[in-house]
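# Observations on the model geometry
Single-letter residue listing:
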Amino acid sequence: MAPSPLQAPKEQKSKEAKALAAANSSKGKKKKWSKGKLKEKVNNLVLFDKATYEKLLTEVPKYKMITPSVLSDRLRINGSLARAAIRELLGKGLIKEVAKSHAQSIYTRATKE
């Protein structure tokens, strides 16, 4: 059966043209991988500056609970510096030990008895 005179004959596309059309089709874009949740980098001090050291000597002995993580968080110092600071405060008698294990050490303010 011959095509009717009202319809224009269909153009035959080459294989390359068909492949190009398939690649450019808007059926679906390739899924982009997310970078994942990025944790914000904390820039903690590794050595005391004068202001932070003064804060350590004045404010920290008034805290109800003193741990390396609390000092690290509040004074923006790293963990090893926090442990060294606790040892120093303990040596000066400004704080006293509550509990100590190999993983966590908890201290409190020294009360006058």
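Our subject is the structure listed above.
Residues numbered from 1 in each chain as written. Predicted model: local features only at pLDDT ≥ 70, side-chain atom pairs only at ≥ 80, totals over all residues. Heavy atoms only, no water.

### A closer look at the packing of helix 2 (residues 50–58) against helix 4 (residues 79–92)
At a minimum axis distance of 11 Å, the contact between helix 2 and helix 4 shows a crossing angle of 45°. Classified by the angle their axes make, helix 2 and helix 4 are oblique. For the pair helix 2 and helix 4, the sense of crossing is right-handed. Contact residues: helix 2 offers Tyr53, Leu56 and Leu57, while helix 4 offers Ala85, Glu88, Leu89 and Lys92. Residues belonging to the contact of helix 2 with helix 4 are distributed by class as follows: five nonpolar, no polar and two charged. (Axes fitted to C-alpha atoms, helices over the stretch in contact; angles between N-to-C directions. Helix = DSSP H or I, 4+ residues; strand = E, 2+ residues; numbered from the N terminus. Parallel < 35°, antiparallel > 145°, perpendicular 65-115°, else oblique. Left-handed = near helix turned anticlockwise from the far one by under 90°. Contact = heavy atoms within 4.5 Å. Nonpolar A, V, L, I, M, F, W, Y, C, P; charged D, E, K, R; others polar.)

### Observations concerning the pairing of strand 2 (residues 105–109)
Two elements, strand 1 (residues 95–100) and strand 2, share five bridges in a ladder whose sense is antiparallel. By the bridge assignment for strand 2, Lys96 is matched with Thr108. From the end of strand 1 to the start of strand 2, which pair antiparallel, there are four residues. (Pairing = 2+ DSSP bridges.)

### Overview of the pattern of salt bridges
Inspection of the entire model under this criterion finds two salt bridges. One salt bridge connects Arg76 with Asp73, and the closest N-O pair in it is separated by 3.9 Å. Between Glu88 and Lys92 there is a salt bridge; the shortest N-O distance is 3.4 Å. Remark: Lys92 and Glu88 occur in helix 4; sequence separation between them is four residues, near one turn of the helix. Using a relative accessible area of 30% as the deciding quantity, one classes Glu88 as partly exposed. Accessibility expressed as a relative area gives 48% for Lys92, which makes it partly exposed. (Salt bridge = Lys/Arg side-chain N within 4 Å of Asp/Glu carboxyl O. Buried < 20%, exposed > 50% of the residue type's maximum accessible area, 1.4 Å probe, protein only.)

### As for the nonpolar core
Grouped together as the largest cluster of nonpolar side chains are 15 residues, with contacts concentrated most on Leu56, Val60, Ile66 and Leu71. Looking at this core, the elements that each hand over two or more residues are helix 3 (68–75) and helix 4. Residues within four places of Leu56 in sequence aside, it is in contact with Phe48, Pro61, Leu71, Leu75, Ala85 and Leu89. (Core = buried A, V, L, I, M, F, W, Y, C linked by side-chain atoms within 4.5 Å.)

### Some words on unusual backbone geometry
The backbone of Arg76 sits at a positive phi, close to 55°, despite the residue not being glycine. Examined against the element boundaries, Arg76 turns out to sit in the loop between helix 3 and helix 4.

Without other data, these values stay purely geometric and don't point to any function.
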